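# Structure at a glance
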Amino acid sequence: MTPAVTDPSGMRVPDLRPLLSPATVAVIGGTSRETGLGARTLRHLREARFGGEVLTPDPRNGLDRDVDVALLCVPAAAVQEVLDRIDGRAAFAVVFASGFEETGGGPLTTNRGTVVLGPNTVGLYHAPDRAVLTFAQAFDSLVDCRHGSGAFLVSQSGAFGARVVTAAARYGFHLDGFIGSGNEVHLDACTLARGVLAAAGPRVLMLYLEGIRDAGALHALLDDARRRGVPVVCLLGGLSEAGSTAAASHTAAVSADTAVTRELFEAYGAALVGSDRELVLAGLGLSLLGRAAGRRAGIVTGSGGAGVVAADLLSGAGLDVPVLSAGLRERLMAHLPDIASPRNPVDVTAQAIGDDTTLEKVCTTLRESGEVDLVVVIGRENQAAAAGAHAGAAPPTVVATLDREPAGVRPRIEAGEVVLPDLDSACRVLAACAPPRSSAGAAFRTVAAGPGSLGSDPTASDSLRLVAGAGVETAGWGAATTVAEVLARGGELGWPVVLKSDVAAGVHKARAGGVRLDVTADTAREAAAELLASGVPLIVARQLRASMELFAGVRRDPQWGLVVSAGLGGAHVELLDRTVAMPAALGAEHFARRLAAELFDRVPGRYDGLAAGLAAAAFALAGLAGRTGAALVECNPLGVVGGRIVALDARVVR
């Protein structure tokens, strides 16, 4: 019954219009007691003045006509029986009860087209249609159905999502809609969110996800939102450090799930936040102000201390707080007393901050200068007009009051004035409006896994051969099983050399004591004899003098597939924290841009080409992992030798 469309990703997206804007709703069960789920839902619909038709059929009788939404308010034991009776009659069935697959029970099924939302969901809320299809007590205060923010929340936790909706309302930020996906028998949160994008046309999409259940669905959602120009703000629960696929893996150590997930969201221009408060504030900022043209922030304050704190908060959020040009400082000072400071923060002094005429001249001069992209004014709640802090302002501008409560600014925000109750909130709202720092620019591409052609764990020498075969240049090397062969190889390669035990790649050679550096013709005999005493053959490698040490690696993640990592390398790669990790599906070009931004662009001209070269090496390793099914492939270090990137060591782990 429920139509769906196939979008450019090839995935089916449900038509949620009957769910969000139902003409007919059936409330089934739970109506005999005032506290019953059905009775509470009916009260919400009545108090919200829902304009559609509401039916209350007996659960034992099913439906004698088609309806858009059936709300199943019956106990878990009766749900499947009721579903069987209404299957094919209801476009959507919202199941409030819990106690199915999530607790070890059987799955809910439908066979004649009815799509299930839930089970274990609190339902949904679509304010434009006054469709309060939920029993949740949190919505008792939202039956007035204020809307117009353009913001919609999809949450895997219904109770938590309802809390976010009410928390937003305390600021005067009234969401247009909310859906709790529950235990997702038919509709997962990402698919629901894509349906919302198509049916509701939100200006801002807010998400709460309890972990990522389907990476492909998330990719498709983020790509869909980007194509539609809809900003996405997500609070993601369940992030944890990724387990290592092999002992002492540098690649696993620096490519934690949090870092990979954040890179994915940023690649699609979406924001990942860390708390429900941040989710509300980011949604509020994007709803009222939209995206800024850049990341340069201007600060206007009457208190030097507050200006310093604001600068720290904005810088910590990734914004720039530039020193204003001499010409702009001169124009600002034309409106200010001699003791003012116009550098940025613009400290107008306590004397001038209370003068709305002066404040308006300063803010107008700063906002029209072209030197800042966002503005925060630290003042009073009634100064939005003087500051230019109103919905749709360009550049986005907020007024930060000090030591207020959200309820104190609610009337201002409801009137379209962007006034926040404290400095931290104001800076978070402003930071949410900054444009993304990076964008993949294209839909993701799955890197296919190979048939698992590695019959056993490769040795160190096998790893070098595999990496060289993948197209990564390696330092010259040869195998040796005797002291005489070590001496011969050293003479061929040129002293000094590096000696390494040719152990399985899963063994960390340095930590196992199987590596000797700076081996010369004079020290080779003793060093070789010591290492060969273990009975393991040796690798004799030319010791190159690198101008910089890098690393690149790929690990196979159960959620993301192949994850590429690269950055500054050497023995302390985990400590350097100068790395980038992301799903390989985002592509080598995007990876190169991110490497340039994080590692090499800080010194213009000095490291030209290294980002592209390092990305190429990383994706050569990804290709090797894809062809062989390897769990881990890494080169650490990669030495920069004469402008070339050369692998000085390699590990391939099955």
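Everything numeric in this text was worked out from a predicted model, so none of it was measured. (Residues numbered from 1 in each chain as written. Predicted model: local features only at pLDDT ≥ 70, side-chain atom pairs only at ≥ 80, totals over all residues. Heavy atoms only, no water.)

### Topic: the environment of R226
Turning to its location among the elements, R226 is positioned in helix 6 (residues 215-228). What makes R226 partly exposed here is its relative accessible area of 23%. Through-space distance from the C-alpha of R226 to that of G294 is 18 Å; in sequence the pair is 68 residues apart. (Helix = DSSP H or I, 4+ residues; strand = E, 2+ residues; numbered from the N terminus. Buried < 20%, exposed > 50% of the residue type's maximum accessible area, 1.4 Å probe, protein only.)

### Concerning the state of the cysteines
Simply put, the disulfide is a covalent bond whose two ends are the sulfur atoms of two cysteines. The final tally for this structure, using the stated rule, is zero disulfides. Unpaired in terms of disulfides, C73 finds its nearest cysteine sulfur in C145, a separation of 18 Å. According to the relative accessible area criterion, C73 is buried, its value standing at 6%. (Disulfide = S-S within 2.5 Å.)

### Quick notes on the nonpolar core
Counting 188 residues, the largest nonpolar core has I179, F591 and L638 as its most contacted members. In terms of residue count, helix 22 (residues 610-628) provides more of this core than any other element does, twelve residues in total. Leaving out residues up to four positions away in the same chain, L638 has contacts with V472, M548, E549, L550, F551, A552, L614, A617, I645, V646 and A647. (Core = buried A, V, L, I, M, F, W, Y, C linked by side-chain atoms within 4.5 Å. Contact = heavy atoms within 4.5 Å.)

### Quick notes on helix 6
Working note: α-helix, 3.6 residues per turn, so residues spaced by three or four point in the same direction. Its 14 residues place the ends of helix 6 20 Å apart at the C-alpha level, agreeing with the 20 Å of an ideal helix rising 1.5 Å per residue. Most of helix 6 sits inside the fold, with ten of its 14 residues counted as buried. Of all the positions in helix 6, only A215, A217, L218, H219, A220, L221, L222, D223, D224 and A225 are classed as buried. Residues of helix 6 that are buried in the fold lie against helix 5 (189-200), strand 12 (204-210), strand 13 (232-237) and helix 8 (257-267). The N-capping residue of helix 6, defined by a side-chain oxygen 3.0 Å from the backbone nitrogen of G216, is D214. G229 occupies a position one or two residues after helix 6 and carries a positive phi of about 75°. (Expected span 1.5 Å × (residues − 1). Polar contact = N/O pair within 3.5 Å; in protein donor to acceptor, adjacent residues only side chain to side chain.)

### What about the environment of L272?
In this fold, L272 is placed in strand 14 (residues 271-273). With 37 residues separating them in the primary sequence, L272 and L235 have C-alpha atoms 6.0 Å apart. With near-sequence residues (within four places) excluded, L272 lies in contact with C234, L236, T261, R262 and F265.

### Observations concerning the sheet that holds strand 11 (residues 177-180)
Read across the open sheet, the seven strands follow the order 9-8-11-10-12-13-14; overall the sheet is mixed. With one partner strand each, in any of the chains shown, strand 9 (131-134) and strand 14 form the two edges of the open sheet. Averaged over all neighbouring strand pairs, the angle between strand axes comes to 15°, with direction disregarded. With three bridges joining them, strand 8 (residues 123-126) and strand 11 adopt antiparallel strand pairing. If you follow H126 over to strand 11, its bridge partner there is G177. Strand contacts of helix 5: strand 8, strand 10 (151-155), strand 11 and strand 12, with the helix running at about 160° to strand 10, the strand carrying the most contacts. (Pairing = 2+ DSSP bridges. Axes fitted to C-alpha atoms, helices over the stretch in contact; angles between N-to-C directions.)

### A look at helix 3 (residues 76-86)
Buried within helix 3 we find V79, V82, L83 and I86. Along the axis of helix 3, the buried positions cluster into a sector of 105°, meaning they face one direction only. Taken together, the buried residues of helix 3 touch strand 3 (24-28), strand 5 (67-72), strand 6 (90-95) and strand 7 (115-117). Trailing helix 3 by a residue or two, G88 shows a phi angle of about 95°, which is positive. (Arc of directions from axis to C-beta.)

### Some words on the sheet that holds strand 5
Taken in spatial order, the five strands make up an open sheet running 4-3-5-6-7, and their pairing is parallel. Since the sheet does not close on itself, it has two edges, and those belong to strand 4 (53-55) and strand 7, each with one partner. Taken pair by pair, the neighbouring strands of this sheet meet at an average axis angle of 20°, ignoring direction. Two strands pair when backbone bridges link them, and strand 3 and strand 5 are joined in this way by four bridges, in the parallel orientation. What sits directly across from A26, in strand 5, is A70. Against the sheet, helix 2 (residues 37-47) engages strand 3, strand 4 and strand 5, with an angle of about 150° to strand 3.

### Focus on the pairing of strand 24 (residues 548-557)
With eight of ten residues buried, strand 24 is to be regarded as a mostly interior element. Bridge count for strand 24 against strand 27 (residues 632-641) is seven bridges, and the pairing is antiparallel. Residue R555 lies in a different strand from strand 27, and its bridge partner there is L632. Alignment of strand 24 against strand 25 (residues 561-568), held across eight bridges, turns out to be antiparallel. Bridge pairing in strand 25 links L550 to L568. Hairpin connection, strand 24 to strand 25: the antiparallel pair is bridged by three residues.

### A few points about the side chain of D15
Secondary-structure assignment places D15 in the loop between strand 2 (12-14) and helix 1 (17-20). In terms of polar contacts, D15 uses its side chain to reach the side chain of R17, at 2.6 Å.

### Section: the packing of helix 4 (residues 158-170) against helix 9 (residues 276-289)
Relative to each other, helix 4 and helix 9 sit at 50°, their axes nearing to 10 Å. One element, helix 4, and the other, helix 9, form an angle in the oblique class. Remark: the crossing between helix 4 and helix 9 carries right-handed chirality. Facing F160, R163, V164, A167 and A168 of helix 4, the residues of helix 9 in contact are D276, L279 and V280. Counted by class, the contact of helix 4 with helix 9 contains six nonpolar, no polar and two charged residues. (Parallel < 35°, antiparallel > 145°, perpendicular 65-115°, else oblique. Left-handed = near helix turned anticlockwise from the far one by under 90°. Nonpolar A, V, L, I, M, F, W, Y, C, P; charged D, E, K, R; others polar.)

### With respect to unusual backbone geometry
That bond from A394 to P395 is cis: its omega, 0°, falls within 30 degrees of zero. Here P395 is to be found in the loop between helix 14 (384-387) and strand 18 (397-400). Of note in this structure, R130 is not a glycine but carries a positive phi near 55°. Position of R130 among the secondary structure elements: in the loop between strand 8 and strand 9. For R130, a relative accessible area of 18% gives the class buried.

### Section: the packing of aromatic side chains
Ring pairs (aromatic) are described by centroid distance and by the angle formed between their planes. Under the definition given, this model contains six aromatic pairs. Aromatic side chains Y125 and F139 sit 5.1 Å apart centroid to centroid with 45° between the ring planes, which places their arrangement in the tilted category. Placement of the pair is Y125 in strand 8 and F139 in the loop between strand 9 and strand 10, with a sequence separation of 14 residues. Like F139, Y125 is buried. Between F139 and F178, the aromatic rings sit 5.7 Å apart at their centres with planes inclined by 25°, giving stacked as the arrangement. Residue F139 is found in the loop between strand 9 and strand 10, and its partner F178 is found in strand 11; the two are separated by 39 residues along the sequence. Across the pair, F178 and F139 agree in class, each one buried. (Phe/Tyr/Trp six-rings, centres within 6.5 Å; stacked < 30°, edge-to-face > 60°.)

Without other data, these values stay purely geometric and don't point to any function.
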